[in-house]
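Residues per chain, in single letters:
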Amino acid sequence: MATTKDSEKGGSFSKDPGNRYSISRDRRASSKGNIDTIVAADLLDDRFQQTQRGLKSRHAQMIALGGTIGTGLFVGSGQTLARGGPAFILTCYIVITLSVYCVVTAITEVATYLPVHGGTMSYYGYRYVSRSMGFAMGYLYWYALGILVPYEITAAGLVIQYWDPDASINIAIWITVMIIVIVGLNFMPVRVYGETEFWFAGTKVVLLVGLLFLGFILFWGGGPEQDGILGFAYWVNPGAANTFILEGSTGYFISFWQTMILSVFPFVFAPELLIVTGGEMESPRRNLPKASKRYFYRLVFFYVFGVLVIGVTCRSNDPALTNGGQGAGSSPFVIGIKNAGIPVLDSIVNAVIILSAWSSGNSFLYISSRSLYSLAVSGSAPKVFKTCSKRGVPYYAVGVSSVFTVLAYLNVASSGSKVFNWFVNLVNTAGFISWICCAIVFLRFRKAIKTQGKTVPYSSFVQPWGAWWVLGWFSFLLLINGFATFFPQNWDVADFFTAYISIIIFALLYFGHRIVFRYDKWAWSPSEVDLLTGMDEVEEAERPPPVLDTWWKKVKSILE
């Protein structure tokens, strides 16, 4: 058998004719072992099947974009519009979009260099920063994404009640149906999952394009019950911005920052979802940069123009935004359609919102299970979670991650709804922590690349300054996440606790791991960071780019 270049790292590695990697069992890493041995021992363990590269670039783009277009944008944006007004929500979405672009370019550079199986940002944190960083990030992703699954399932069930306001059919029935479908799809081979999610997400994209086009028509007064051009009338009355807690300029200042915090939720974990697909993507070094670039363009088109449309077609003081009943009744898109007197369309939008919540739950379970799989690959979770089926599905990881879905049943009781909302607040804070950690991982990766004289297949002009912006900006938002509760008239112990508890959880995970592995360095030295293990398989996964010698091949390449 031919010896691979991974053997340069000091282990007895070999590659068999079946293109599998093996490592001698007697070199399992101890807590004092060097990073090369630790990485190789877990990543190249041939006792376990690996996930398979069944995702195309179009799958990855749609999973990242469409998978996160859920109730946060379609319904949750209504609360944000009511809080800040059309000018504030538009400004905040633009700022968050540009900040997320900095996150995307940074983590794409990291993942494109070595898109190994199980390569989540927590894995790269473990590999390029420290085992403690990877451990804390991994469990943060696992529980935060796991909680988002029942959130989306519950939202879909509530939206269904738009047609059944008397709740003649118990919401638990709808929750059960959606859990079965979502969990079932995640047990399918990744290609089936990717294709299903592609069409799920594609449907949402078609809806958003239609809503943007409809917003353009309503802007010019094209609605059945509109008298003349609507334009920016709602920016004048009730106004472009709202106050919050206090009146005057101080109230506008408070409102802006509260709107900024609320605007983050629709974006949370979207960049990381793109990176998770790298380990199961065809030709990842070529397709990941392509997917991230197109993802940003679509983010600007759908998110920024989407909130512009709702600011034009829906009053920020419309009472339906905050007490419009179940599900889509509070969607600013649906409210704008109903106010314009357009029949039937609100039900069509409602149906796609259900599909959107379903799709997002599907994607969040995917990344939650892969986070657990990645923890096992890095040696931070029981090795049984590395077990994959012959078709590359980490079924133990999927099964355990699916347990979070039962939290959806908390919403059957009103008291359960309050408890569940606390879990959702945990996720929002976890998003800030995740992006801060992503910036740290990127900066340490860049330092290792420079120190060892390596080159990267992809880099962006905004880096490394973009990573420093992410580090500072989201650290600031993390600290002010619950600032509204500090005002005496707004003080609430539960709100304060849920706004900051994720910081405590992350600190316990990180420092608890540091205590157990106290002989580890706080961060790997740039000169000893392992930049080679797994490179053979990554290079072999690359395929020559297609020859685009005809116009239809060029069109196909754009679509894929």
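About the cut-offs
Residues numbered from 1 in each chain as written. Predicted model: local features only at pLDDT ≥ 70, side-chain atom pairs only at ≥ 80, totals over all residues. Heavy atoms only, no water. Core = buried A, V, L, I, M, F, W, Y, C linked by side-chain atoms within 4.5 Å. Buried < 20%, exposed > 50% of the residue type's maximum accessible area, 1.4 Å probe, protein only. Helix = DSSP H or I, 4+ residues; strand = E, 2+ residues; numbered from the N terminus. Contact = heavy atoms within 4.5 Å. Expected span 1.5 Å × (residues − 1). Salt bridge = Lys/Arg side-chain N within 4 Å of Asp/Glu carboxyl O. Polar contact = N/O pair within 3.5 Å; in protein donor to acceptor, adjacent residues only side chain to side chain. Patch = residues over 30% accessible without salt bridge, like charges linked within 9 Å, V, L, I, M, F, W, Y side chains within 5 Å. Areas by Shrake-Rupley, 256 points an atom, 1.4 Å probe, with all protein chains shown as cover. Axes fitted to C-alpha atoms, helices over the stretch in contact; angles between N-to-C directions. Parallel < 35°, antiparallel > 145°, perpendicular 65-115°, else oblique. Nonpolar A, V, L, I, M, F, W, Y, C, P; charged D, E, K, R; others polar. Phe/Tyr/Trp six-rings, centres within 6.5 Å; stacked < 30°, edge-to-face > 60°. Lys NZ or Arg CZ within 6 Å of the ring centre and 35° of its normal. pLDDT = per-residue confidence, 0-100.

(A) Inspection of the nonpolar core at higher detail. Counting residues in each nonpolar core, the largest one holds 148 residues, and the members touching the most others are Met121, Tyr124, Tyr128, Phe269, Phe474 and Leu477. Considering each element in turn, this core owes the most residues, 19 residues, to helix H7 (residues 131–160). Discounting chain neighbours no more than four positions away, the residues touching phenylalanine 269 are Tyr141, Ala144, Leu145, Leu148, Val427, Ala430, Gly431, Ser434 and Trp435.

(B) Structural view of the side chain of histidine 513. On the secondary structure map, histidine 513 appears in helix H20 (residues 493–516). In this structure histidine 513 comes out as buried when scored by relative accessible area, which is 7%. In this view, histidine 513 contacts Arg131, Ser132, Phe135 and Leu508; residues no more than four positions away in its chain are not counted.

(C) Seen up close, helix H5 (residues 86–113). The terminal C-alpha atoms of H5, which comprises 28 residues, lie 41 Å apart, in line with the 40 Å expected from a rise of 1.5 Å per residue. Counting buried residues in H5 gives 24 out of 28 residues, a clear majority hidden from the surface.

(D) Molecular detail of the pattern of salt bridges. A complete count under the given rule lists 4 salt bridges for this structure. The partner of glutamate 109 in a salt bridge is arginine 446, with the nearest N and O atoms 2.6 Å apart. One end of the pair, glutamate 109, is in helix H5; the other, arginine 446, is in helix H18 (residues 414–452), with 337 residues separating them in the sequence. Under the relative-accessibility criterion, glutamate 109 is labelled buried at 0%. Using a relative accessible area of 24% as the deciding quantity, one classes arginine 446 as partly exposed.

(E) Here's a closer look at the environment of threonine 259. Mapping threonine 259 onto the fold places it in helix H11 (residues 248–263). By relative accessible area, which is 0% here, threonine 259 ends up buried. Separated by 176 residues in sequence, threonine 259 and arginine 83 have C-alpha atoms that sit 6.4 Å apart. The residues contacting threonine 259, other than those within four sequence positions of it, are Thr80, Arg83, Gly84, Phe88, Ile89 and Cys92. Separated by 2.7 Å, the side chain of threonine 259 and the backbone oxygen of serine 255 make a polar contact.

(F) Looking closely at a nonpolar patch on the surface. A cluster of nonpolar residues, Phe213, Phe216, Ile217, Trp220 and Ile229, forms a patch on the protein surface that exposes about 570 Å² of accessible area. Its location among the elements puts isoleucine 217 in helix H9 (residues 190–219).

(G) Representation of the packing of H5 against helix H13 (residues 284–313) within the structure. Packing of H5 against H13 brings their axes to within 10 Å, and their N-to-C directions diverge by 175 degrees. Taken together, the axes of H5 and H13 are roughly antiparallel relative to one another. Taken together, the residues of the contact of H5 with H13 sort by class into 22 nonpolar, 5 polar and 1 charged.

(H) Representation of the packing of aromatic side chains. This model, assessed by the stated rule, comprises 34 aromatic pairs. Ring geometry for tryptophan 469 and tryptophan 473: centres 5.2 Å apart, planes at 10 degrees, overall stacked. Of the two residues, tryptophan 469 and tryptophan 473 both sit in helix H19 (residues 465–479), 4 residues apart, roughly one turn of that helix. For tryptophan 473, a relative accessible area of 11% corresponds to the buried category. Note on phenylalanine 486 and phenylalanine 496: the rings are 5.7 Å apart at their centroids and 80 degrees apart in plane angle, and the pair reads as edge-to-face. Highlighted residues: phenylalanine 486 in the loop between H19 and H20 and phenylalanine 496 in helix H20, separated in sequence by 10 residues. Residue phenylalanine 496 is classed as partly exposed on the basis of its relative accessible area, which comes to 30%. Three or more aromatic residues joined by ring pairs form one cluster here, namely Phe88, Phe253, Phe256, Trp257, Trp469, Trp473 and Phe476. In this arrangement the basic side chain of arginine 83 is found over the ring face of phenylalanine 244, its NZ or CZ atom lying 4.0 Å from the centre. One Lys or Arg, arginine 514, reaches over the ring of tryptophan 522 and ends 4.1 Å from the middle of that ring.

(I) Region of interest: the environment of alanine 172. Relative to the helices and strands, alanine 172 is located in helix H8 (residues 171–186). Separated by 240 residues in sequence, alanine 172 and valine 412 have C-alpha atoms that sit 6.5 Å apart. When neighbours within four sequence positions are excluded, alanine 172 is seen to be in contact with Tyr409 and Val412.

(J) Highlighting the environment of glycine 231. Here glycine 231 lies in the loop between H9 and helix H10 (233–239). Residues glycine 231 and glycine 221, 10 residues apart in the sequence, show an inter-C-alpha distance of 7.8 Å. Here glycine 231 is in contact with Phe219 and Val312, once residues within four sequence places are set aside.

(K) Structural view of unusual backbone geometry. In the segment running from asparagine 237 into proline 238, the intervening peptide bond is cis, with an omega of 20 degrees. Looking at where proline 238 falls in the secondary structure, it is placed in helix H10. For the bond running from glutamine 463 to proline 464, omega is 10 degrees, close enough to zero to count as cis. Tracing the backbone shows proline 464 in the loop between H18 and H19.

(L) Examining the confidence of the model for the protein more closely. Counting all residues, the mean pLDDT for the protein is 77, and 77% of those residues have values of 70 or more. Across the protein, H19 holds the top mean pLDDT of 93, while strand E2 (residues 21–23) sits lowest at 36. Here residues 37–54 scores under 50 on pLDDT; set against residues more than four positions off or in separate chains, the count is 102 contacts. Throughout residues 324–329 the model reports pLDDT below 50, and contacts reaching past four residues in sequence, or to other chains, amount to 18 contacts.

(M) Main features of helix H15 (residues 332–339). Among the 8 residues in H15, 6 count as buried, and that is most of the element. All buried positions along H15 are accounted for by Pro332, Phe333, Val334, Ile335, Gly336 and Ile337. Downstream of H15 by a residue or two, glycine 341 has a phi angle that is positive, lying close to 80 degrees.

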